[in-house]
Each structure stands twice: as C-alpha cells, then as structure tokens.
Amino acid sequence: MIQGERLRELRKQRNFTLQEFALQTGLSPSLLSQIERGLVDPTVSTFWKICSSLSVPLHYFFEGVEEDELVVRKQQRRLIQLSDEKVKYHELTPNRGGKLNFLMVEIEPGEMSEAELVSHQGEECGIVLKGELKVILGEKEIHLHEGDSIHFSSTTPHRYINSGEGVSVSIWAMTSM
C-alpha cells in the first residue's frame, strides 16, 4: 500500500487543491482523497497518473532502501503492491535520484498488470526470467517466453499479461518521467 499521507504532503507542497490535482491527473477528487487517507490502493494506471502529475518516480511513495545506498540487498527491496495483490513489483533501484527505475515484476497465472493500457514518458526494456508474458503494445500482442527480451517507448499504450500456467517473473528497466 502506498503512503497516502506522503501523497497529501507532496500535493500540498506543490500548492494543489484536491480539485486542481484531480483536474491535472484526470482522476476524481473523491478517489484521490481516498488514496491520500489510505482507504484505497490505486491501480497501476492511476498510480502512473499521480506520479506523472507530480513528477516523481514510482517508488517515491514506498518505504525501503535509504536514499544514499548503492546496493539493494534482497531483504531490503521495496515491494510495490497496489490494488491487485497478484501482481508484485520489487524495486531493485537503490537510489531514488536517478532517471532509471529497475524492477522485478511477478505476475500470477492469468493475471495482468493493469486492465487498461498505460502510457507515460520514457522507455522500457525487459526480459522474462521465468514463465511467459504477453505484452500488449498498442494494437500488437507480443508473446514472450523465458529468456526473451523487449524494448519500446513507454509513450505507446501498453500492459502485461501472464498468459502461462505458472508465475511470470521479469526484470524491467524504465527511464523516469
């Protein structure tokens, strides 16, 4: 679950009212209020909209590794788990100040990373370490197996689906907003 109070603090630091922030993100003020109060976890696409509007990386709202660390030890990884508990994002980037995000994504069989397509600034590249992954990239469906990799512009609407029988594990590098 994200730290809703941290979202509220940042929104106020940027001098946004809830209504102004809602207009900027395209989300409802009531949804944003529920997220800030910790009553609701956002979907991935909602979370991207929030982070993009505030110009912060995804991991900004999660606890974990200290800012000045160079190494992320396995037991210190930030776990980013939003509204779907069957999709887990393990933060592998130790430093929040860079432009590159490095994630390990675990998706349960038959699950997807998001019901709607997501787009944002930057680039992504990933490799499937275990299982299968279908990448919906605009109008294309690209099926990846263990060892397959992909690279694309994040501005192309996309999502990931585990189309296999077992857990899908993949590693992703993404440039930040």
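Conventions adopted
- Residues numbered from 1 in each chain as written.
- Predicted model: local features only at pLDDT ≥ 70, side-chain atom pairs only at ≥ 80, totals over all residues.
- Heavy atoms only, no water.
- Buried < 20%, exposed > 50% of the residue type's maximum accessible area, 1.4 Å probe, protein only.
- Helix = DSSP H or I, 4+ residues; strand = E, 2+ residues; numbered from the N terminus.
- Pairing = 2+ DSSP bridges.
- Axes fitted to C-alpha atoms, helices over the stretch in contact; angles between N-to-C directions.
- Arc of directions from axis to C-beta.
- Salt bridge = Lys/Arg side-chain N within 4 Å of Asp/Glu carboxyl O.

Draft legend 1. Spotlight on the pairing of strand S9 (residues 168-175). With respect to burial, S9 is a largely interior element, seven of its eight residues being buried. Of the strand pairs in this sheet, strand S3 (residues 100-107) and S9 are connected by eight bridges, and their pairing is antiparallel. In the strand pairing of S9, Leu 100 is matched with Thr 175. The sheet contact formed by strand S4 (residues 123-130) and S9 spans six bridges and is antiparallel.

Draft legend 2. Structural view of the sheet that holds strand S5 (residues 132-137). Read from one edge of the open sheet, three strands run S6-S5-S8, paired in antiparallel fashion. Each edge of the open sheet is held by one strand with a lone partner, namely strand S6 (140-145) and strand S8 (158-161). Within the sheet, the average angular offset between the axes of one strand and its neighbour, ignoring direction, is 20°.

Draft legend 3. Highlighting helix H3 (residues 29-36). Within H3 the residues assigned to the buried category are Leu 32, Ser 33, Ile 35 and Glu 36. Considered in projection along H3, the buried side chains sweep an arc of 160° and stay on one side of the axis.

Draft legend 4. Quick peek at the pattern of salt bridges. One pass over the structure, following the stated rule, counts three salt bridges. Glu 36 is the salt-bridge partner of Arg 8, the closest N and O atoms lying 3.4 Å from each other. Of the two residues, Arg 8 is situated in helix H1 (residues 4-13) and Glu 36 in helix H3; the sequence distance between them amounts to 28 residues. Accessibility expressed as a relative area gives 26% for Arg 8, which makes it partly exposed. When its relative accessible area of 4% is taken as the criterion, Glu 36 is described as buried. Put simply, Glu 141 and Lys 134 hold a salt bridge, and the shortest N to O gap is 3.6 Å. In this structure Glu 141 comes out as exposed when scored by relative accessible area, which is 57%.

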